[in-house]
Amino acid sequence: MCGKERLIELLHDFVLFDGGVKKVPRVHQYFGIKAAQEHVRRKQGGVIWHTQGSGKSIVMVLLAKWILENNSEARVAVITDRDELDKQIERVFHDTGETIRRVRSGRELLQQLGQASPRLLCSLVHKFGRRDVDDFEAFQKDLSGQPSATVGQVFVFVDECHRTQSGKLHRTMKAMMPHAVFVGFTGTPLLKQDKQTSREVFGGYIHTYKFGEAVADKVVLDLVYEARDIEQRLGSTDRIDAWFEAKTRGLNDWQKSELRQQWGTMQNVLSARGRMARIVADIVFDFGTKPRLVSERGNAILVASSIYEACKYFTLFQKTPFKGKCAVVTSYVPEAGDVTKEEIGANTETDKQFVFNTYQELLAGVVARTRMTQTETYEEDAKALFLSQPANMKLLIVVQKLLTGFDAPSCSYLYLDQSMQDHGLFQAICRTNRLDGDDKDFGRIVDYKNLFQKLENAIAVYSAELDRSDGGEDPQVLLQDRLKKGRENLDHALEALDLLCEPVAAPKGELEHIRYFCGNVESPDDLKLHEPQRATLYKAVVGLVRAYANLADDLEAAGYDAADVARIKQRLREYLDLREIVRRASGETLDLKAYEADMRHLLDAFIEADEPRKVSEFDDVGLMELIARTGLERALQSLPARVRKNQAAVAETIANNVRSKIIKEHLSDPAYFDRMSRLLQEIIEDLRARRIDYQRYLQRIGELARQVQEGHDRGTPDRLRTPGQRAIFNNLRHEEPRSAGEIMEPVADFGPEATARVGLALTIDETIRRVRPDDWRGHQARENTIKQALLPLLGGDAEAVERLFKVIKQQAEY
């Protein structure tokens, strides 16, 4: 990447701003564009086959930009086959700063291409069709005899070029623009009949990027598949209770009781005999038991087989905790004419009326936005909530909408209750394989229609040509069996932690683990140097908890016997304890919130079974803050029990916490925290040399911890009221010459020299507040305004100004 030519090329040809975010291509996108550039130079078309979710739109934009920049006669037309895709492409180009003309018909497109500008256009492919054509071959031959006149060299990009229904339309375009270069984009397996169409229109493959390669590169997630049989008749209460127990086997008693509270609303749904009611109950249970869904960071799409069934599902979900948190998105637009002619009996409702009435209810209160219908407004709002607030929009019920197109929403679970096949099925399952944080490990597919045979077919429809087009990765999209993959993950997670902790010295107790993950407490730099090891430990433990939670209710089904299950639970507890011991011992400052977003939910639901977690005001308070707020003795009670029993482990835990705080705060007041660091070193050495006993050590380090946490000691003059004033005072030097880099020790007595320094510190503070411009940090001219005001106060010493300015820059109050 850093070869001179390639780096310059990346800067020049491969940077774009997408909605204000600077983006460069991934490796496969870069090489796809490079391969396409060679085809463009030869004026030769072809197909760019990049698997679903790997970022074809970026390839399209970068290639179009390069063509227009490097060929002054070039024109680019982007053709899609769906209106929402056409709008998306227009938006993507606009977001990247490219002006694109959206035309409304094939005739308008050809008219525009017959003029010198615009150079970049987009249109819908079906605008080229003629509905009244019976003899298509004759129609095409006629068009070929009178091709449209175009200005410049035309390059036609066709998105989702695989679609069979577009085959004739593609050939129509080819006939109308015989000299244009056609580049097809797709990520869906080509069926045999499509392969022929694509070959005729576009030619061979320009570049391929297969599903297996994308998973290996972590561009998309692997897919995990589970077929579920829905029992039609649960019958008696006993059978319903047994079903409940089976569904919640992996949860602890407290989480089960939480779910039982929802049981009242669920039982009337379950007691209904309908299959759909069972599926509703099954999905609601998943949201109470599956890790990604329990944490409310993931959500799901349910694919129903018809608009009627989608509405039926919606009304069933209204009787569950999903009320207000699920939406139905279909192509249906309610019109009174749908039901006015319906003949009905006294107490019956036809299917059409049911759909109409359901939509009337869900659209009640929805105010249509400008240029949008009520239904479009409702769907846009639901989709926006689904993407940005999964806890408030848990489920979308769809039929065909939102399953295809590059900005269709991704989800954690896809529930299939529709007989799908070929492209539609392939694209639908790829809704779940988009990346979304470290707590999403797979795309999960739950199949109520037993489509697995069809799924395998949909995935095996690659032509032999793509299979072997460029060797390397097998293009099969392998659907992983949930139990098999779950066991593999759990075993791997345990093995990874065993290997990580293997080098810990014998007897591998708390103290040895603290020293391995936090370093030698006597070495000031060791705590920071061991940070990567601690981060690896934390992530590995979270990985283990997730792997366990995903399989918790199916450990026996995955092949573990009772002894294995007991061993796994024991090791899980040990590693969770170790994680907490190391975190407390290091006074950790690593921000792992993004990585551990679901951790508390997982621990609450699957691990901590003794009692519900008590939320204390000190739950997320570090040891240092606890010492300052409650005193040392009470703070030590917050340490894990295994650490409290070991005096050496307690001593190193406190010392590491003090060291961590000093490292974190050092830039804000170097003089003060250098002195604190020296005091810490003295206390540690006194304990090691047995000049002080354990109790005296606790007294001294407790006082030091309080001073480090508060940021000042008892010798600080009272007139210095803010952290900024104290930092300036501590970092001022004597007026007489001193050795380079020496920092003056603060004086305990308040003699004339100290009084003068207090006065100077307050003057500097007042000057900064008076002269500082708005938003001055990082702006050279504004920073210089402050430096110039400080120069006369520090005797014209430019070095002293620079030195003190670094401290001033760290103070939030300025």
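Note that this is a predicted model, so its numbers are computed, not measured.

Novice: I'd like a description of the pairing of strand β9 (residues 205–209), backed by residues and values.
Specialist: Most of β9 is tucked away, with five of its five residues classed as buried. Pairing between strand β3 (residues 46–50) and β9: four bridges, direction parallel. Residue pairing across strands places I48 opposite H207, the latter belonging to β9.

Novice: Explain the nonpolar core to me, using residue names and the numbers behind them.
Specialist: Counting 62 residues, the largest nonpolar core has Y313, F317, L396, I397 and Y415 as the members making the most contacts within it. I581, L626, A635 and A649 belong to the second largest nonpolar core, which has 37 residues in total.

Novice: Run through the sheet that holds β9, naming residues and quoting values.
Specialist: One open sheet holds the seven strands; their spatial order is β5-β6-β4-β7-β8-β3-β9, and the pairing between them is parallel. With one partner strand each, in any of the chains shown, β5 (101–102) and β9 form the two edges of the open sheet. Across six bridges, the pairing between strand β4 (residues 74–80) and strand β7 (residues 153–159) is parallel. Note that in β7 the partner of I79 across the bridge is V158. Strands in contact with helix α2 (residues 27–41) are β3, β7 and β9; relative to β9, the strand with the most contacts, it is inclined by about 175 degrees.

Novice: Would you mind going over a nonpolar patch on the surface in detail, with residue names and values included?
Specialist: There is a patch of nonpolar side chains on the surface, built from L7, I8 and L11 and spanning about 300 Å² of accessible area. Checked against the element boundaries, I8 lands in helix α1 (residues 4–13).

Novice: Would you mind going over the packing of helix α15 (residues 351–363) against helix α16 (residues 374–388) in detail, with residue names and values included?
Specialist: The contact between α15 and α16 brings their axes to 11 Å, and the two run at 65 degrees. In this view, α15 runs roughly perpendicular relative to α16, as classed from their interaxial angle. Every pair of crossing elements has a handedness; the one defined by α15 and α16 is left-handed. Across the interface between the two elements, Y359, L362 and L363 of α15 pack against Q374, T375 and Y378 of α16. Class assignment of the residues belonging to the contact of α15 with α16 gives a composition of four nonpolar, two polar and no charged.

Novice: Can you break down the packing of aromatic side chains residue by residue, with the values?
Specialist: Tallied over the entire structure, the rule returns 12 aromatic pairs. The interplanar angle of 85 degrees and the centroid separation of 5.0 Å between the aromatic rings of Y30 and F31 together place this pair among those described as edge-to-face. Judged by centre distance (4.9 Å) and plane angle (80 degrees), the rings of Y516 and F517 are edge-to-face. Here a set of aromatic residues connected by ring pairs shows up, and it is made of F14, Y30 and F31. A cation over a ring is seen here: K312 above F354, with NZ or CZ 5.8 Å from the ring centre. Its end group placed over the ring of Y538, R583 keeps NZ or CZ at 5.4 Å from the ring centre.

The rules behind each value
Residues numbered from 1 in each chain as written. Predicted model: local features only at pLDDT ≥ 70, side-chain atom pairs only at ≥ 80, totals over all residues. Heavy atoms only, no water. Buried < 20%, exposed > 50% of the residue type's maximum accessible area, 1.4 Å probe, protein only. Helix = DSSP H or I, 4+ residues; strand = E, 2+ residues; numbered from the N terminus. Pairing = 2+ DSSP bridges. Core = buried A, V, L, I, M, F, W, Y, C linked by side-chain atoms within 4.5 Å. Contact = heavy atoms within 4.5 Å. Axes fitted to C-alpha atoms, helices over the stretch in contact; angles between N-to-C directions. Patch = residues over 30% accessible without salt bridge, like charges linked within 9 Å, V, L, I, M, F, W, Y side chains within 5 Å. Areas by Shrake-Rupley, 256 points an atom, 1.4 Å probe, with all protein chains shown as cover. Salt bridge = Lys/Arg side-chain N within 4 Å of Asp/Glu carboxyl O. Parallel < 35°, antiparallel > 145°, perpendicular 65-115°, else oblique. Left-handed = near helix turned anticlockwise from the far one by under 90°. Nonpolar A, V, L, I, M, F, W, Y, C, P; charged D, E, K, R; others polar. Phe/Tyr/Trp six-rings, centres within 6.5 Å; stacked < 30°, edge-to-face > 60°. Lys NZ or Arg CZ within 6 Å of the ring centre and 35° of its normal.

That's the geometry; what it means functionally is another story.
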